[in-house]
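Listed here are the chains, written in short residue letters.
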Amino acid sequence: MSKSDKKKDEKTSQATHFSSSDEDEGGEDKATMDMIRRFFAHTLNLGGSVDEKEDLKVEKVIPDLSFEGFAAHWREHGFRKIVTMVGAGISTSAGIPDFRSPGSGLYSNLKKYKLPHPTAIFDLDYFETNPAPFFALAKELYPGSFIPTPAHYFVRLLDKKGLLQRHYTQNIDTLDRLTGLPEEKIIEAHGSFHTNHCLKCRKEYDMAWMKTEIFADRLPTCKVCKGVVKPDIVFFGENLPASFYESPEEDFRDCDLLIIMGTSLEVQPFASLVQRPGPRCVRLLINRDAVGQASFVPWMNPQEQSLSYGKPNNTRDVAYLGDCDAGVLALAKALGWDDELQQLIAKEKGKLVKKQPQRESGKGQDDEPSTATNKAKPHSDKDDKASSSGRHSRT
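A few points on the structure. (Residues numbered from 1 in each chain as written. Predicted model: local features only at pLDDT ≥ 70, side-chain atom pairs only at ≥ 80, totals over all residues. Heavy atoms only, no water.)

Description of the overall build of the protein chain
A tally of helices and strands in the protein chain yields 12 helices and 9 strands. Counting over 395 residues, the protein chain shows a buried share of 47%. Approximately 19900 Å² of the protein chain is accessible, and the part contributed by carbon and sulfur atoms is 50%. (Helix = DSSP H or I, 4+ residues; strand = E, 2+ residues; numbered from the N terminus. Buried < 20%, exposed > 50% of the residue type's maximum accessible area, 1.4 Å probe, protein only. Areas by Shrake-Rupley, 256 points an atom, 1.4 Å probe, with all protein chains shown as cover.)

Structure representation (structure tokens):
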């Protein structure tokens, strides 16, 4: 090949390269602009043809994404691998306050402890300096003083039927355990009172020992090093348990239904669990408030996997907006499980009532505990937001 032919080939190759690059860049720009145009046309109904809107349609996982349609699909086809994730909203009808509801929330009723700020009650640095306020509050809210709610027992029923893969909870009240749900099925993302450790030497103490110390109004002190013993509740500044990070890969691999109850879906990293199941997994929200939806336009983040119930592009999300207990009772009835659920509640609740300790008011252990178990309350946990570092913000 002559030098002139080589030069011609090089020029042709370069021209082809630049032309291809220009086309790629132009294609990317066009795709971005097309995404923006489609967003405004489809979501905001600003311009765009009917054909363009049809292009955005994706096959739904189930034909009818209403609550009734979801229940009908469950009755006909069933689900086989269910994951549940819950927050403080499923415990409010047991008499345990959520954290940030105005007037009734925990943070609204901490003035008597004279804290520098409400969240100091769960601040590790403050606890190490002044642990007394936390243990005074712990005495009021200590597990064993409350009975699980219908929402808790619905999760237990799922496990009884062999459908529950795992139960993730933000709550520290251990009500999930009191239903009889096996420990290996529970991921307590923010810890609980179930175990306790000395902050200095890390000696472990059980729940019975801690309860004795708290109700005797003694500061729980390690027998070995005299350090303060703290319940294994995740305080601000502490990492979530390893199980929270290790279990989702297995749990969500073949998950076909995620049930979300009583949580604001604002606290990270717990809220990120909604993004873990695959695109064909149905996601059911049972909550007082409409939560979990994107707060920004979706084309800004192509990986956005927020809940899409009530939106035109929804393919798999269902929402029951109301009281958590009412939601699970309605679902149980729709599935034909209502009698079975009520029998489970009556049986397990009877066991717990007999175990209730005597009250200062003079009630015996066979008396009904002074909780709001049978009183429906709004369910929602108004959480503090956490950083994306994986460290905890109170549920």
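Text resumes after the structure shown.
Let's talk about the pattern of salt bridges
Following the criterion strictly, the structure yields 12 salt bridges and no others. Arg-156 serves as the salt-bridge partner of Glu-348, at 3.7 Å between the closest nitrogen and oxygen. Here Glu-348, found in helix H12 (residues 338–355), pairs with Arg-156, found in helix H6 (residues 150–160); they are 192 residues apart in sequence, far enough to count as distant. Taking the relative accessible area as the measure of exposure, Glu-348 reaches 9% and is therefore buried. (Salt bridge = Lys/Arg side-chain N within 4 Å of Asp/Glu carboxyl O.)

Quick notes on the sheet that holds strand S6 (residues 229–233)
Reading across the sheet, the 3 strands line up as S5-S4-S6 and stay open at both edges, with antiparallel pairing between neighbours. One side of each edge strand has no neighbouring strand; the edge strands of this open sheet are strand S5 (204–206) and S6. Put simply, the sheet's adjacent strands are angled 40 degrees from each other on average, direction ignored. Two strands pair when backbone bridges link them, and strand S4 (residues 191–198) and S5 are joined in this way by 3 bridges, in the antiparallel orientation. The partner of Asn-196 across the bridge, within S5, is Tyr-205. Contacts from helix H8 (residues 207–215) reach S4, S5 and S6 within the one sheet, and its direction differs from that of S5 by about 80 degrees. (Pairing = 2+ DSSP bridges. Axes fitted to C-alpha atoms, helices over the stretch in contact; angles between N-to-C directions. Contact = heavy atoms within 4.5 Å.)

Comments concerning helix H11 (residues 324–335)
For H11, spanning 12 residues, the distance from its first C-alpha to its last is 17 Å, which sits close to the expected 16 Å at 1.5 Å a residue. On its buried face, H11 is in contact with helix H3 (67–77), H6, strand S7 (257–261), strand S8 (282–287), strand S9 (317–321) and H12. Regarding H11, its N-cap is Asp-323, as a side-chain oxygen of that residue lies 3.0 Å from the backbone nitrogen of Asp-325 further along. (Expected span 1.5 Å × (residues − 1). Polar contact = N/O pair within 3.5 Å; in protein donor to acceptor, adjacent residues only side chain to side chain.)

A word on H8
For H8, the complete set of buried residues consists of Trp-209, Met-210, Glu-213 and Ile-214. Along the axis of H8, the buried residues cluster in a sector spanning 130 degrees; they form a single face. Buried residues in H8 make contact with helix H5 (132–141), S4, S5 and S6. With a side-chain oxygen lying 3.3 Å from the backbone nitrogen of Ala-208, the N-terminal cap of H8 falls on Asp-206. Among the residues trailing H8, Asp-217 stands out with phi positive, at a value near 60 degrees. (Arc of directions from axis to C-beta.)

Some remarks on the sheet that holds strand S2 (residues 164–169)
The strand order S3-S2-S1-S7-S8-S9 describes an open sheet built from 6 strands, whose pairing is parallel. Every interior strand has two partners, whereas the edge strands, strand S3 (186–188) and S9, have only one. Across the sheet, the axes of successive neighbouring strands diverge by a mean angle of 15 degrees, strand direction being ignored. Sheet topology note: the strand S1 (residues 82–86)/S2 ladder contains 5 bridges and is parallel. Each bridged residue has a counterpart across the sheet, and for Thr-84 the counterpart in S2 is His-167. Sheet strands in contact with H11 are S7, S8 and S9, and its direction is about 130 degrees off that of S8.

Things to note about the nonpolar core
Counting 40 residues, the largest nonpolar core has Phe-70, Trp-74, Phe-154 and Met-261 as the members making the most contacts within it. Of all the elements in the fold, those that place two or more residues in this core are H3, S1, H6, S7, S8, H11 and H12. Among all residues touching Phe-154, those that are not within four sequence positions of it are Trp-74, Ile-259, Val-328, Leu-331, Ala-332, Trp-337 and Leu-341. (Core = buried A, V, L, I, M, F, W, Y, C linked by side-chain atoms within 4.5 Å.)

Quick notes on the pairing of S6
Burial analysis of S6 places 4 of its 5 residues in the buried class, the great majority of the element. The pairing of S4 with S6 spans 4 bridges and is antiparallel. Residue pairing across strands places Asn-196 opposite Pro-231, the latter belonging to S6.

Considering the packing of aromatic side chains
Applying the stated criterion to the full structure yields 19 aromatic pairs. Arranged with centres 5.7 Å apart and planes meeting at 70 degrees, the rings of Phe-70 and Trp-74 form a pair that is edge-to-face. Of this pair, Phe-70 and Trp-74 both sit in helix H3, 4 residues apart, roughly one helical turn. Residue classification places Phe-70 among the buried positions, given a relative accessible area of 0%. Summarising the aromatic geometry, the rings of Tyr-168 and Phe-244 are spaced 6.4 Å apart at their centres and angled 80 degrees between planes, so their arrangement reads as edge-to-face. (Phe/Tyr/Trp six-rings, centres within 6.5 Å; stacked < 30°, edge-to-face > 60°.)

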